[in-house]
Amino acid sequence: ELPFKPPMPWFGMDIGGSLTKLIYFEPKDITDEEKEQEVETLRVIRKYLTSNTAYGKTGVRDEQLEMCDMPLGGRIGTIHFIRFPSSEMTAFIELAKAKNFSSLAKSICATGGGAYKFEDEFKKQVHLRLHKFDELDCLIQGMQYIDRHNPGFECYYWKQPNEPEQCEKVPFDFRNPYPCLIVNIGSGVSILAVYSATKYSRVSGTSLGGGTFLGLCSLLTGCETFEEAIELASLGDSTNIDKLVRDIYGGDYGRFNLSGDTVASSFGNMISQERRKTASKSDLARATLVTITNNIGSIARMCAIQQGIQNVVFVGNFLRVNTISMKLLAHAMDFWSQGTMKALFLEHEGYFGAMGCLLELMR
Ligand code: ADP
């Protein structure tokens, strides 16, 4: 007896505050018979999604993340990772309409806040029901699936994160991940203490997240995109903007072991008109990145202490193309915990919610 399988195409979608993540499973074990029976609409959708890496002006397929020979729902295929700004959701719905999606399926699995926000629009415009799942449940399920099935290493850490010359990315065996703290840095931040694949709680969060970085950075520098903000930050020096312990003490604050290089007051130098005049855009971008990152690191560390957890996994698209923040987090976790905690990272950083959602479709 064949297990129940939903009709193709198989999608999982995570509609976040900033980005919509779309995971598409492309079956590779299609028989000749199936090929003949494949309806035109499905062929069009498959061709459209797999032959391009850019969709319109803002959609992107992250080809480097693609996973081949993946088992799903009794099939073998390729998993594709696609993203576009959530502000383009209306255009996406138009596309679903134009490609006649509703002739294939009556519902799509969706998670993230947008699954609620856009539910009506999907129903009215394309006659599609959104089958909604909780984003944090999906995140954990998706993480576990991708880590288990990645033939390479999904998980890694940064060795000697504070030494630009010696610093390197090192694979980490994540087969027994629990307990761990998951710090999901999206537009905002959620922190989960996870004890098993099904037992977890959301222990904390902060509204100062990736959206805050991009919002403040846009205000301060006039940058237009996340990539531009990160590029600017990579050229800047935050110590022109922040007030350091040495700016106050003239050196270290020895009694409490605080080195002169420690930030005492983020953006603290900007109270001076003189310093404001000489602050460059890249310095401001760097300081914004460092401020947001260190704040998240510090909250994560407190949560880890409170929960008695040593492995802290940072995920979310804030870490996309953002080695500066990853290394800062790695160093901060190690340094302030006297080496007892470890900051871990995952290759498919922002896609676990969407992956978990696709898994829900298979249940
Ligand atoms: P959400 O589900 O809230 O959208 P994500 O995990 O997708 O969260 O992360 C969103 C954050 O990722 C943004 O706030 C921004 O800091 C960062 N980011 C990375 N790449 C992009 C991009 N291309 N466009 C917008 N934000 C991006």
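Residues numbered from 1 in each chain as written. Predicted model: local features only at pLDDT ≥ 70, side-chain atom pairs only at ≥ 80, totals over all residues. Heavy atoms only, no water.

## Some words on the packing of helix α8 (residues 226-235) against helix α11 (residues 281-307)
Here is step 1 of the chain: At a closest axis distance of 7 Å, the pairing of α8 and α11 adopts a crossing angle of 105°. When the axes of α8 and α11 are compared, the pair comes out roughly perpendicular. Between α8, through A229, I230, L232, A233, S234 and L235, and α11, the contact on the second element is made entirely by K281, S282, A285, R286 and L289.
Here is step 2 of the chain: Here the residues of the contact of α8 with α11 sort into 7 nonpolar, 2 polar and 2 charged. (Axes fitted to C-alpha atoms, helices over the stretch in contact; angles between N-to-C directions. Helix = DSSP H or I, 4+ residues; strand = E, 2+ residues; numbered from the N terminus. Parallel < 35°, antiparallel > 145°, perpendicular 65-115°, else oblique. Contact = heavy atoms within 4.5 Å. Nonpolar A, V, L, I, M, F, W, Y, C, P; charged D, E, K, R; others polar.)

## Digging into the site of the ligand
Here is step 1 of the chain: The environment of the ligand is made up of 17 residues, and the closest members are S18, L19, K21, S187 and R320.
Here is step 2 of the chain: In this structure, an oxygen atom belonging to the ligand sits 2.8 Å away from a main-chain N or O atom of S18.
Here is step 3 of the chain: One of the side-chain nitrogen or oxygen atoms of K21 is found 2.8 Å away from an oxygen atom of the ligand.
Here is step 4 of the chain: When isolated, the ligand has an accessible area of 570 Å², and the protein chains bury 87% of it.
Here is step 5 of the chain: With 3 residues, helix α7 (residues 210-221) is the single largest residue contributor to the shell around the ligand.
Here is step 6 of the chain: Split into classes, the residues belonging to the shell around the ligand amount to 4 nonpolar, 9 polar and 4 charged. (Near = heavy atom within 4 Å. Polar contact = N/O pair within 3.5 Å; in protein donor to acceptor, adjacent residues only side chain to side chain. Areas by Shrake-Rupley, 256 points an atom, 1.4 Å probe, with all protein chains shown as cover.)

## Thoughts on the packing of aromatic side chains
Here is step 1 of the chain: Following the criterion strictly, the structure yields 16 aromatic pairs and no others.
Here is step 2 of the chain: Measuring from ring centre to ring centre gives 6.0 Å for Y156 and W158, while their planes differ by 85°; the resulting arrangement is edge-to-face.
Here is step 3 of the chain: Looking at Y156, the relative accessible area reads 4%, which means it is buried.
Here is step 4 of the chain: Assessed through its relative accessible area of 13%, W158 is described here as buried.
Here is step 5 of the chain: Each member of the aromatic cluster is reached from another via a ring pair, and the members are Y156, W158, F314 and F345.
Here is step 6 of the chain: One residue, K169, lies across the ring of Y156, its end atom 4.3 Å from the ring centre.
Here is step 7 of the chain: Above the face of the Y157 ring, K342 is positioned so that its terminal group lies 3.9 Å from the ring centre. (Phe/Tyr/Trp six-rings, centres within 6.5 Å; stacked < 30°, edge-to-face > 60°. Buried < 20%, exposed > 50% of the residue type's maximum accessible area, 1.4 Å probe, protein only. Lys NZ or Arg CZ within 6 Å of the ring centre and 35° of its normal.)

## Notes on the environment of L192
Here is step 1 of the chain: Here L192 lies in strand β12 (residues 189-194).
Here is step 2 of the chain: Classification of L192 by relative accessible area gives buried; the value is 1%.
Here is step 3 of the chain: On a C-alpha basis, the gap between L192 and I140 in space is 9.6 Å, while along the polypeptide they are 52 residues apart.

## Re the side chain of S282
Here is step 1 of the chain: Mapped onto the secondary structure, S282 falls in helix α11.
Here is step 2 of the chain: A relative accessible area of 14% means that S282 is categorised as buried.
Here is step 3 of the chain: Dropping the residues within four chain positions of it, S282 is found in contact with L232, A233, L235 and G236.

## Some remarks on the nonpolar core
Burial of nonpolar side chains together is a common tendency in soluble globular proteins.
Here is step 1 of the chain: Ranked by internal contacts, the top residues of the largest apolar core, which has 67 residues, are L72, I79, M89, F122, I182, M355 and L358.
Here is step 2 of the chain: Those residues in contact with M89 that sit more than four places away from it in its chain are M13, I15, T20, F84, F118 and F122.
Here is step 3 of the chain: Counting residues in hydrophobic clusters, the runner-up holds 38 residues, among them C223, I230, L289 and F318. (Core = buried A, V, L, I, M, F, W, Y, C linked by side-chain atoms within 4.5 Å.)

## A look at a nonpolar patch on the surface
Here is step 1 of the chain: Residues L216, L219 and L220 make up a contiguous nonpolar surface patch of about 290 Å² in total accessible area.
Here is step 2 of the chain: Judged by relative accessible area, L219 falls into the exposed class, the value being 71%. (Patch = residues over 30% accessible without salt bridge, like charges linked within 9 Å, V, L, I, M, F, W, Y side chains within 5 Å. Salt bridge = Lys/Arg side-chain N within 4 Å of Asp/Glu carboxyl O.)

## Comments concerning unusual backbone geometry
Here is step 1 of the chain: M8 connects to P9 through a cis peptide bond whose omega is 5°.
Here is step 2 of the chain: If you trace the backbone, P9 turns up in the segment before β1 (10-15).
Here is step 3 of the chain: For the bond running from Y178 to P179, omega is 0°, close enough to zero to count as cis.
Here is step 4 of the chain: Within the element layout of this structure, P179 appears in the loop between β10 (168-171) and β11 (180-185).
Here is step 5 of the chain: One non-glycine residue with positive phi stands out, namely N100, at about 60°.
Here is step 6 of the chain: Although it is not a glycine, N257 sits at a positive phi angle of roughly 65°.
Here is step 7 of the chain: Relative to the elements of secondary structure, N257 occurs in the loop between α9 (245-249) and β15 (263-265).

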